[in-house]
Amino acid sequence: MDEKGDVPFENIKTMGELGFLGLTVSEEYGGAALDTVSYCVAIEEISKACAATAIVMAVRDSLVCYGIEKFGTEEQKQRFLVPLAKGKLIGAFALTEPGAGCDGAAQKTTMVLDGDEYIVNGTKNFITNGGFADVIVLFGMTDKSQGYRGISALLVEKDTAGFSVGTEEEKLGIRASSTCELMFEDCRVPVTNRLGEEGQGFKIAMTDLDAGRISVAAQALGIAEAAYQAALEYAKVRVQFGQLIAKFQGIQWMLADIATRIEASRLLVYNAALAKHRTEETDARYSKEAAMAKLYASETASWVTDLAIQIHGGYGYMKEYAVERGYRDARITRIYEGTSDRQRLVIARSILR
Ligand SMILES: Cc1cc2nc3c(=O)[nH]c(=O)nc-3n(C[C@H](O)[C@H](O)[C@H](O)COP(=O)(O)OP(=O)(O)OC[C@H]3O[C@@H](n4cnc5c(N)ncnc54)[C@H](O)[C@@H]3O)c2cc1C
């Protein structure tokens, strides 16, 4: 799947049947009502085997279901959330635009009210699941004069006239996930599909991203753990200079540092999950904890997968060994759902307040 860039639809279907696609959605709406720590453990374990499958799952749970359950009407929950949680629908989250990356508020997509419909025009890029999603949480400007307070969110169904899918991106890693450009041209979306109030879109996006960043941190943790395990096993069987390479202090120190940084990542990920759990009943935010977990776990995943290749020597550079894929997959965790610099901005803003 990595080689061909094929989306693991069969696995996704099975995951839906097993209840993996609505892990944190409440039972009332067909989910498993798991706490966030348990959800992170699931993302972590799946990422050890396939980081692309994990992001398909994470986008759906954190960026789509979470926002609909928190901000949606009862009718929207019945229509979208219940089938999403049961794995019958696939969701996508579309905030990024060619000119709105780290600066997510710089939306050029417009949503103009016309009777009981919004007319949507604009382009979104790099959207995970975008090419085959049944429902897209779409962000755009309903009132440009209000800046980020003029952003709203709509639930756009895939068959809506005026909506089309553009380029499918060729990527370095998580190649078994799909990343697409989405186009909206005089696309009419009923007002009843608006998520939350008009002007509440940026708040919804940031709320979803706080949750999403914990999932990406858990994904990074799983990628790092898999690479560490592979390096550890390899060091215990590879012989050079007449002894196992695990006997060399240079290799031992690498493994010790890797194990320590993974442990620190794990604690930050679970700490952020607990912070989310504690604020679930209130409107309080856990942005700092989520940003710290994502920043540290993602930087650690890149560093660990790099060292795992080093421990494997030339073999680690070959596609035959899983650490090669881990190295490529780890890289994205420092970029999407906010780059490492973006996380530092969130942390700095929080501690300087
Ligand atoms: C595989 C993949 C999947 C994605 N999936 C989704 C998705 O499902 N939905 C979605 O909406 N988006 C998605 N994205 C988009 C992703 O979130 C953005 O790529 C990311 O937010 C960065 O935006 P950008 O690429 O425009 O980079 P830019 O914002 O242009 O950043 C370029 C560089 O400038 C730095 N920078 C920018 N501003 C500052 C600042 N203030 N201080 C310091 N440094 C700064 C950045 O850290 C980065 O190093 C995806 C991206 C990829 C690659």
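Residues numbered from 1 in each chain as written. Predicted model: local features only at pLDDT ≥ 70, side-chain atom pairs only at ≥ 80, totals over all residues. Heavy atoms only, no water.

## What to know about unusual backbone geometry
Defined as follows: Helix and strand definitions follow DSSP, with helices as H or I runs of at least four residues and strands as E runs of at least two, each counted in order from the N terminus.
One non-glycine residue, F126, adopts positive backbone phi at about 60°. Mapped onto the elements, F126 comes out in strand β3 (residues 117-128).

## Some remarks on the packing of helix α2 (residues 36-49) against helix α3 (residues 51-71)
Note the following rule: Under this scheme, a helix contributes an axis fitted over its contacting stretch, all axes are lines through C-alpha atoms, and angles between N-to-C directions fall in the 0 to 180 degree range. Convention used here: angles under 35 degrees read as roughly parallel, angles over 145 as roughly antiparallel, angles from 65 to 115 as roughly perpendicular, and any remaining angle as oblique. Any two residues whose heavy atoms approach within 4.5 Å are treated as being in contact. Put simply, Ala, Val, Leu, Ile, Met, Phe, Trp, Tyr, Cys and Pro go in the nonpolar bin, Asp, Glu, Lys and Arg in the charged bin, and everything else, Gly too, in the polar bin.
Where α2 meets α3, the closest approach of the two axes is 7 Å, and the angle between their N-to-C directions is 155°. By the angle between their axes, α2 is roughly antiparallel relative to α3. Contact residues: α2 offers Y39, A42, I43, I46, S47 and A49, while α3 offers A51, T53, A54, M57, A58, D61 and S62. Within the contact of α2 with α3, the residues separate by chemical class into nine nonpolar, three polar and one charged.

## Comments concerning the side chain of D61
For D61, the position within the fold is in helix α3. Those residues in contact with D61, other than ones at most four positions away along the chain, are L21, G22, L23, T24, Y39 and Y66.

## Overview of helix α6 (residues 249-278)
Put simply, the rule reads: Residue count minus one, scaled by 1.5 Å, sets the expected span of a helix. Each residue's exposure class comes from its accessible area (1.4 Å probe, protein chains only) as a fraction of the maximum for that residue type: buried when under 20%, exposed when over 50%, partly exposed otherwise.
An ideal rise of 1.5 Å per residue puts 44 Å on 30 residues; α6 measures up with 43 Å between its terminal C-alpha atoms. When α6 is considered as a whole, its buried residues turn out to be I251, L255, I258, I262, S265, V269, A272, A273, A275 and K276. Where α6 is buried, its residues touch α2, α3, α5 (201-235) and α7 (287-312).

## A few points about the site of the ligand
To keep it simple, the criterion reads: It suffices for a single heavy atom of a residue to lie within 4 Å of a molecule or strand for the residue to be listed as near it. Any N or O atom pair separated by 3.5 Å or less is treated as a polar contact, with the protein-specific requirement of one donor-capable and one acceptor-capable atom, and with residues adjacent in sequence counted only for side-chain atom pairs. In this description, accessible areas are obtained by the Shrake-Rupley approach with a 1.4 Å probe, and a residue is regarded as covered only by the protein chains that are shown. Think of a 1 Å grid over just the protein atoms. A cavity is a set of points where a 1.4 Å probe fits yet cannot get out, a pocket is an open set with protein on both sides within 12 Å along at least five of seven lines, and lining residues have an atom within 4 Å of a point. Here the criterion for a molecule occupying a pocket or cavity is that more than half of its atoms lie within 2 Å of the pocket grid points. Either an automatic procedure or a domain database provided the assignment from which the domain bounds are taken.
Taken together, 18 residues surround the ligand, and among them F93, T96, F126, T339 and D341 come closest. A distance of 2.8 Å is found between a nitrogen atom of the ligand and a backbone nitrogen or oxygen belonging to F126. For the ligand, an oxygen atom lies 2.6 Å from a polar atom in the side chain of D341. Bound to the protein, the ligand loses 64% of the 980 Å² it would expose on its own. For the ligand, the cavity whose grid points lie within 2 Å of the majority of its atoms is the largest pocket. Secondary-structure elements contributing two or more residues to the shell around the ligand are β1 (91-94), β3 and α9 (340-352). Among the residues making up the shell around the ligand, the classes are represented as ten nonpolar, five polar and three charged. Two domains each donate at least three residues to the shell around the ligand, and these are domain 2 (92-199) and domain 3 (202-352).

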